[in-house]
Structures are given as C-alpha cells and as structure tokens.
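Report on the structure
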Amino acid sequence: MIAELGLFALILALLLAIAQGTLPLIGAARKDAALMAVGRSAAYGQLVFIGIAYAMLTYAFVTDDFSIAYVANNSNSLLPVQYKITAVWGGHEGSLLLWVLILGLWSAAVATFSRSLPREVLARVLGVMGLVAIGFIGFTLFTSSPFERLIPAAMEGRDLNPMLQDPGLIIHPPMLYMGYVGFSVAFAFAIAALIGGRLDAAWARWSRPWTAVAWAFLTVGIGLGSWWAYYVLGWGGWWFWDPVENASFMPWLMGTALLHSLAVTEKRGGFKNWTVMLAILTFSLVLLAAFLVRSGVLTSVHAFAVDPDRGLYLLAFMAVVVAGSLTLFAWRAGKVGLGGGFGLVSRESALLTNNVLLVVSAAAVLLGTLYPLLLDAFGLGKISVGPPYFEAVFLPLMLPLLLLLGFGPRLRWKQDSPTEQLWRLRWIFGASLVFGMIWPLFVGSWSFLAGIGAFLGLWIIGSSLKDLVDRLRLRRESRQTLGIRVRRLGRSYVGMQFAHIGVAVVVIGITFVLGYDDERDVRMAVGETVEVGGYGFRLDSLDQVQGPNFDAEQATVSVFLDGQLMTTLTPQMRNYFSQEQPMAHTSLHRGFFRDLYVNMGEELPGNAWVMRVYYKPFMNWVWAGAILMAVGGFLAASDRRYRVRVRREDEATDEDAKLAAKDAVKANDSGAEPNPAG
Amino acid sequence: MRPWHWLHAPLLALAVALLLPALTVAGPTAPPSEPMSFDSELQEQRYQKLIRELRCTVCQNQNLIESNAPLANDLRRQIALMINDGADTDEVIDYMVARYGDFVLFRPPMKGITYLLWFGPVAMLLIGLAALGNILWRRRTQVTSEPLSTDEEERLRRILGDRGQDKT
Amino acid sequence: MKLRFLIPLTAFIALVGLLFVGLSLDPREIPSPLVGKEAPQFDLPELRNAEVRFARDDMLGKPALLNVWASWCVTCRQEHPMLAELRRMGVPIYGLNYKDTRSDALRFLTRFGDPYDAIGFDESGLVGIDYGVYATPETFLIDGSGKIRFKHIGMITPEVIETEILPLYRQLEAET
C-alpha cells in the first residue's frame, strides 16, 4: 500500500510539473495573469506530492518493507535506524527521488522568495523549472521507480553498502544535490530572460543570490565527498580525479565563473551574452554529470548500476534541454547591448580573465574525462586518463588565477592604474613571497610546490585583509563604531573575502599535504613501535569487538610524541554480517596542523598486521577552506540588496524590470562603489 | 543473476575497496603479503610513484595502491621485485604496457592519438586568451549606458524601495 | 543571428553524438596488446602430474586454444561445457590453471570434466601476468608458430565460438 501511495503521489507530482511547465509560459506569452499565477501553486503542490512520495519510501525503509525491491536491495533489518533513513538515497532510484525532491524545494523556494519579481519573469522562471522537473520526475517514473514491488518479498534485505554506513554520507548527497539542482534556478532565470528577450542587470541581480547559494551548497557537497572518501577508503586519498568526481567538479568550475560574470552583469550591465551562456553551460554540465554517473559510459568507482535505457533517456533529455537552450541563445543573443566600456586594467578585465581561466579549466577536465571514450568510439584503443594528467594540466591554469585573485577585488570598475595597485600591494606581495618560501622549511624539507602554494595562499589572505582594512579606514571619518562600519561593507563584499580566503586556505592545505605527507605500510606485531612523521605508533593489543551489524578485529595503537602518550587510536577490520569481504575502518586523530591516520591492512602470521600509518600535515585546511568558501557564498547571497520586497507583486511589470536594469548600470557609473584608493 | 547489483552506490560515493569486480577475478584468498622493503630511499620513491600511476586493470577505476584485489597485490609485488633488481621507472612501465596495454597508465603516453589530449588544454587556453585580448582591446573605449530620466528614477525608487547606500 | 552563436550548439551536438556511441561501448573491456605478438614463454609443472613440465613450445605445430581458468572462478564453471564442445570439434585446448591449489583444481576437473590436452599449473600467477590476464576466464587462440591471434575475455558463448573462434581456427588450420 505504501509503495502504491508513493507511486501515485509521484504521478500526481508529474502532472503538476506538466502544469507548471506549460501554463505559466503560455500565460506569460499571452499576458494572462490567471495562467501565470498557476506557476506558484503548481510548484507548491508538486513539492507536497514529491514530499509524500519521499516520506512513503522513507517509511518503507524504516519499517523494513522488503516487498519493495529497492528497499530489499539497499537495506537490512539490522541496519541502525539513522542509516535506514539515509539508505533511501543509497542507490540509483532513491537518490533520484532525493534529486527530484530537492528540485521541488528549489522551485518552491523561488515561488516564495521571488514574489517581488515581475509577474512575467516569475512565470517564465517557474515554467522552465517545471519543464526540468518533468524530465526528472519522468525519468524516475519511467526508468527508475523506487516503488517497484518484489514478488515474493525478500525475507531479509541485501543491506546498504557498508561504505555508505557512515555519518559523512548522511549529509553529503543532500548537499551535493542542493548544489547541482540549485543551478537549475540560475538556468531557469537565464532561459526566462532569453524568452522575454531581455538580458539585463536586473536579471543578473535576481539570479545572483540563487547562483551563490547553489554554488555554496555544491562546494559543501564536494568538500564532504572528499572528506568522507579520505577516511572511509583507508589509504589517505581525498581526491582521485575519478570521472564522477570530475563530473561534480566541472559544474563547480563553471558555476564559479558564472558567479563572477554575474557580478559584472549586475554592476556594469556587461558580459550579458557571456553570462547567460555560462548559466546554460553550468546547468548543462549538471545534466552531463547526471548522465555520466547514471549511464555507465565511463568506468568509475562510484557509478550506479548500469542500465542502457537510463543512459538513453538521460542523453535524450540532456540533448533536448541543452540543444533547445543553445538554439534559443543563438536566436536571441546578439540583440542585447554591450554594457559599459572598460579599460585594459579594470575590475571587468580581471573578472573576464578569471572567467577565461575557469572555463578553460573546466574544458580541460571535460577533455580528460571524455578522452578515453573518444578514442574508444573511434576504435583507436583504450587509454586511462588519471591524476597525473589532471595535475599536470590543472596546476598551470590555477597559478595565474590565484595570482590574479590577490589583485582583482581591489581593482576599480571601468579603469584602474596597474602601477598604482602594484605599488599599494608591494609590501603584501614581498612579505607573502618571503614568508611563503620560508614557511615550508618549518614543515619539512623545502619544496618548490609547497613554497609556491604558501606564497599564493599568503598573498591572497594578505591582500584580502589589506583591502578589508583599507575599506574600513575609508569610513573612519564617519565616526561610526567598527561594528557599524563592518556592517556597512555589505555582506556581499564580506562574503567575497571569506570565499577568497577560503581558496587560499585550500591552496595551502593541498600543497602542504601533497608535499609533506608521510605514508608507511608497515608490519606491526603487538608491542612493536614505528616512527612516522615524528610520532611513535605502538600496537598495544588486538581484540575482538562487536558492532550492531558487524563484528571486528580492533587494534589499539598508542601514539607518542617525544615520549609522551598523545592519543590512542582504534582502527578496525570489520566483518559486516551481510557482506563477504571484510572492510577496514580507519581511526584518525585530527589536528589543526596534521592528521594522524591508522588503518589495518592484512593479517600476518605471528599476531601481526600490515598497518597503514599515515601522517597528513595540513589536511584539515582543505576542508576548512571549503567551508569558508561556502560561508562566503551564503553570506553574499544574503546581502541586503537582494532582499528588497516592497511592493505588491501584481504591480511589477516588464517595464519595471527594464528600469531596474538601467538603474543598476547607472548607479555604478556614478561611482557608488566605495573606493579604497580614493 | 545481476552481477552489477553491488555497484549501487550514491553519487560521488567512492565505494571502492569493497567493490568486487564483476568478472570473477584472481584468487579466493591471496596469501598475506609482507609490506615491501627496498634497498634505497630512491627505490622506495620509485615504487610509491609507480603504484600510484598504474591502474589496476580488474578494478573500477583505481590505482595499484588503492586496490585490494589479489591481482593488484601480485602486480605490486612484481613491481617491487623488479625495482629491487634495479629496474628503473621506464622499464617497469614498459613491462606493464607490454602485458596490459596503455590502459594501465594513468598518465597517458604522449603519442599520435593523445596529442589532442595533451595539447588540447594549451590550445584552448590560447584561444581563450586571444579572445580575451580581442575583447579587452575593443572595449577600451566603448561606453553605452543610457542615463535614466528623473521620471524613471522616481519610478525606480518606488519599485525597488529605498536602497540608497548599500552598493558594494 | 550571428554564426558564432551557433558554435556552442554545434559542439554540443558533436558531444551528444559521442556520448550516444559511448552508450554502446563497454568501458571494462581492455584489448590485449599481445594479439599479433609471440605468445610469452613459460615452463610450468603440469597440473595433473607434477613430475611433467608443460612449456609454451609444447603448443606449437598447430593452432590451439589456451584457456586461463581456476576452480574458484564461477564463470569458468559455466564456461566449461563450451570447452568440451570445442574439444569435440577437434580443437586442441590447453589450460593455464591460474592462482589455484592443486587439490581444488583437480576436484574441479573430476566434477566438471577435463577437456584439456595439457594444463600448466600457475600457482603464483606470474605466467598470468605475462599473458596480461586480469579476469578469468580468458582464452587465447595461438597459431602453429606461437603467435597470439585472438583473445577473448570472459565466458566463451556459443556465439563467440560460432562467429569468432571457429572461423579463425579453420583459417589458421588451413594455413598450416
């Protein structure tokens, strides 16, 4: 009964999505207020019904209803209840339902928070989101229903993959999907603007906070995935350049470019075609990611089950959405103005350079990811493209970008003097170069990569802080308290600085952990001590322990620093009752400057094990930086200027939108930008 | 029979070590292997680099250090043996390529069919920079923003509400 | 409409074409670089009689199949009747018993039959590595001069015999 209710709710959601995807668009074309108004109620209704479907599936998991094939494949009666709830998205079908639910959430959020938009614009945005929803709900219903019955019902479930029975997996997929799906909002705004024939600064202002939020979620999602892989996989790796990781990284890079391009469109009315193009491309890469992960065209450690029908459906869906958008783009673009002019050295030119580097990076990742497929398709043999390739290609592209990151935010719109900015930053530049080159000496033996990483990190942090201080000083004569002056900077600005400093922290973390990690696979018998990264690790005992759905061999390892007991680690080799293969469970001691990482490998004769004992310096900086970036994104999105909602919604018209657009350009031309150099 | 059933894993879920390959793969139980030992630091480094850049052919997408598959174990031991016998990096790579093809190399070899792969990003960067230069040069002087009339401004204030000071 | 705005669309259509072709490819199947090359040398103890040796050169003279198998390999069990079928058609079949124990392997042959002319006992799997074995079963077709002419990864099916192994075998037989 539960499964049928869920299925029925999902069918109703599809019907509502069809209403949402058609009526408001027709209404906007005909200027029919009633039809346009359907968008919002349809969006809410759709969310309610997907919510019901999702709740039904969760209920089936919690109550161990193994008459549903999906539950039988991904759960087990012994599974702890929190993992039964998260097991809902442990496989293809359920994770797709989560995807659809999040799409519904975003739709409803747009319906709620964008009341101040002109009616036509809101109708078109919701209409486009409805069309996207039709594609994904249809995909779930027609190829991947999680509600299919298993007759006869299974006595016991196959269990959730033990790798996924982890707290990291409770929040990683929802965050990641919030990011992926969130870019559909930016996409919908872009398409709505193309349909309406008006790409302007107002459009940029409306879509910018949505983009920032989606981007922040995607950042958290990718960071969590990496954080989880690091301790679950048991060999200390945290980024693999695997096709599925690349699939999430490409929209992130493109979304980052979009975020920066939107700034120019909002502030200066420029790059309109380019920005709308980026919005389309970012969402296209999201669709591509869904295709790559769920179609089985590439070998990945995290691909879902392979089913050619699903691949074909997704490919067709992606082809329709993207080809349609690009055609619309080709038809409509070029009818827009160029926006304000700008000099060779200006905020605009810096942001454009940022865009070129980010887009080329994304394209390089795409090339590397699809190249094996390309060769295979032409019968030219099979090759693998892995981390050595991506590192070789990616690092040179990031260097200029990071260097630019120190200057860019300080440059004035329209025109700035390169020598003046260089002169103002000369101390920061010199100091970060000197300290950056020296810093690695305190971590280990000097390496060029670590030196460059530390230099770039310090440079970005230093110039960001200097800019912050300069701007606060500028307002000193206003006699306001520091608190007010900080608030006056605006969350958009503070968010940007957070995100940039986050990038710096990630860069330092990555280069240091790459340069100075110490990894040993050693034989350890009880009582033996090994020295790794300056710490002594002693295997004290080996014991049998019992978990809720596994039993395990547990090693107790004491860690000493300078002869002092520092901590005790307890890695395990777990045998899950539902699995044949044992699985290692890592034990970690996390710290600000280093992680200590111990994992069990293989049992050896003589009460000994092969142990993986790792010292990972600055590892947590990588995740901490990602969090800073995400915080920056959320802060920027909550800026006051995005929260204007003054009038009743029915007053707004396209005419108003045009005005708002002109205003945005004008306001910036008139020098409303606080200028630290002034 | 559905040999792929255990491949279910959520997006980005690196369900690695557990994933048994779909085709039946080497060995019921591999004999326990002692950690590799080397005569010199240089050899150890060579080994560590190689097992990270060579792909485990039976696995989904893992290098030799990540994989727990018995074949990966055998290959690790074989590579350690070769290195201890004085083989250099290229010799080990040639040995592997002769048996498993270019597929084992996570760093694709530079040759006719991979020129596009290796030089593609450089070409894209050059095209991007050329376009950038072109735009910067052309945009130097253009200014096209139209001023608002007083009437329009009045109306705008009404639409957007009072948001005078916070433009960052 | 300016033509340059059509560039992204064109590129995307090409991408969809590529992905469409990709759907019908198997990313897990790796072509062997050994096809067309001399079969690697080996000299192993015979599985059924440890006193006897079985070397690569023992296969020379006429075309033959070399089948890599193990008792722990489920697919090998399913494939086994196909080998007997090939044997009945007169194709010589040699075996490479890969990473197995002698007793398990012999029990396997007693239970499922023994179509092999000779079987090398590759306990360490080193000969397997020389032959680029990565997933059992694998089957090589080696011509009379010792050159590998064809390799099949995975189970031999009636279709594989019909469309690939037999035609090539007959052709090689005619050549010698």
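Residues numbered from 1 in each chain as written. Chains lettered and ligands numbered in written order. Predicted model: local features only at pLDDT ≥ 70, side-chain atom pairs only at ≥ 80, totals over all residues.

Another point: the overall build of chain B. What chain B contains, in helices and strands, is five helices and zero strands. Reading chain B from its N terminus to its C terminus gives the helix and strand order α-α-α-α-α. Going through the 168 residues of chain B one by one, you find that 40% of them count as buried. By sequence separation, contacts in chain B at least 24 residues apart represent 51% of the contacts at least 6 residues apart. (Helix = DSSP H or I, 4+ residues; strand = E, 2+ residues; numbered from the N terminus. Buried ≥ 20, exposed ≤ 12 C-beta atoms within 10 Å, placed from the backbone. Contact = placed C-beta atoms within 7 Å.)

Here we take up helix 15 (residues 426-443) of chain A. Residues and elements named next belong to chain A. Here helix 15 spans 27 Å end to end across 18 residues, near enough to the 26 Å set by a 1.5 Å rise per residue. Along helix 15, the residues classified as buried are Ile428, Ser432, Gly436, Trp439 and Pro440. Where helix 15 is buried, its residues meet helix 16 (448-474) and helix 18 (491-516). (Expected span 1.5 Å × (residues − 1).)

Detailed reading of the predicted model is not advised wherever pLDDT is low. Residue and element names in this part refer to chain B. Scored by pLDDT, chain B has a mean of 71; 62% of the residues are at 70 or more. For chain B, the element scoring lowest by mean pLDDT is helix 5 (residues 150-160), at 58; helix 3 (residues 89-100) scores highest, at 92. The low-confidence segment residues 1-30 (pLDDT under 50) makes 98 contacts with residues lying over four places distant or belonging to another chain. This stretch, residues 143-147, has a pLDDT under 50; its non-local contacts, to residues over four places away or in other chains, come to 13 contacts. Reported confidences for the modelled complex are a pTM of 0.88 and an ipTM of 0.86. (pLDDT = per-residue confidence, 0-100.)

Looking at the assigned domains, one finds that chain B contains domain 1 (31-104) and domain 2 (110-137). Averaged C-alpha coordinates put domain 1 of chain B and domain 2 of chain B at centres separated by 34 Å. (Domains from an automatic or database assignment.)

Moving on, we come to the domain arrangement of chain A. All names here are of chain A. Domains assigned within chain A are domain 1 (1-160), domain 2 (178-334 + 346-409 + 652-678) and domain 3 (516-620). At the junction of the two partners, domain 2 supplies four residues and domain 3 supplies nine residues. Per-class residue counts for the side of domain 2 that touches domain 3 are two nonpolar, two polar and no charged. (Nonpolar A, V, L, I, M, F, W, Y, C, P; charged D, E, K, R; others polar.)

What follows is about the sheet that holds strand 6 (residues 138-142) of chain C. Residues and elements named next belong to chain C. Across the sheet, five strands lie side by side as 5-4-3-6-7; this open sheet has mixed pairing. Sheet topology places strand 5 (118-122) and strand 7 (148-153) at the edges, where each strand pairs with a single neighbour. Strand after strand, the sheet turns through a mean of 20° between neighbouring axes, direction not considered. In terms of strand pairing, strand 4 (residues 93-98) meets strand 5 through five bridges, oriented parallel. Of the residues in strand 5, the one forming a bridge with Tyr98 is Asp122. Of the strands in this sheet, strand 6 and strand 7 are in contact with helix 5 (residues 158-175), which crosses strand 7 at around 165°. (Pairing = 2+ DSSP bridges. Axes fitted to C-alpha atoms, helices over the stretch in contact; angles between N-to-C directions.)

Let's shift gears to the sheet that holds strand 10 (residues 608-617) of chain A. Residue and element names in this part refer to chain A. Reading across the sheet, the four strands line up as 1-10-9-8 and stay open at both edges, with antiparallel pairing between neighbours. Taken across any chain shown, the strands that pair with only one partner, and hence form the sheet edges, are strand 1 (518-525) and strand 8 (587-589). Between one strand axis and the next, the sheet turns by 20° as a mean value, whatever way the strands run. Relative to strand 10, strand 1 runs antiparallel, the two being bridged by eight bridges. Counted as the bridge partner of Ala525 is Ala608 from strand 10.

Okay, the environment of Leu565 of chain A next. Residues and elements named next belong to chain A. By secondary structure assignment, the location of Leu565 is in strand 5 (residues 564-569). The exposure class assigned to Leu565 is exposed, which follows from the 11 C-beta atoms found within 10 Å. Remark: the alpha-carbon pair of Leu565 and Gln554, spanning eleven residues in sequence, is separated by 19 Å. Setting aside chain neighbours within four positions, we find Leu565 in contact with Ser558 and Phe560.

Looking now at the environment of Leu569 of chain A. All names here are of chain A. Summarising the element assignment, Leu569 is placed in strand 5. By C-beta crowding, Leu569 is classed as buried, having 20 other C-beta atoms within 10 Å. With 112 residues separating them in the primary sequence, Leu569 and Gly457 have C-alpha atoms 32 Å apart. With near-sequence residues (within four places) excluded, Leu569 lies in contact with Val557, Val559, Ser587, His589, Leu596 and Val598.

Cis geometry marks the peptide bond from Ile151 of chain A to Pro152 of chain A, where omega comes out at 0°. Looking at where Pro152 of chain A falls in the secondary structure, it is placed in the loop between helix 6 (119-143) and helix 7 (168-196). In this structure, Pro137 of chain C follows Thr136 of chain C across a cis peptide bond, with omega equal to -5°. With respect to the helices, strands and loops of the structure, Pro137 of chain C is situated in the loop between helix 4 (126-130) and strand 6. Positive phi values are uncommon outside glycine, yet Asp159 of chain A reaches one of about 90°. Its place among the elements puts Asp159 of chain A in the loop between helix 6 and helix 7. Looking at Asp159 of chain A, the number of C-beta atoms within 10 Å reads 24, which means it is buried. Non-glycine residue Lys99 of chain C carries a positive phi angle of around 45°. Mapped onto the fold, Lys99 of chain C is located in the loop between strand 4 and helix 3 (102-112).

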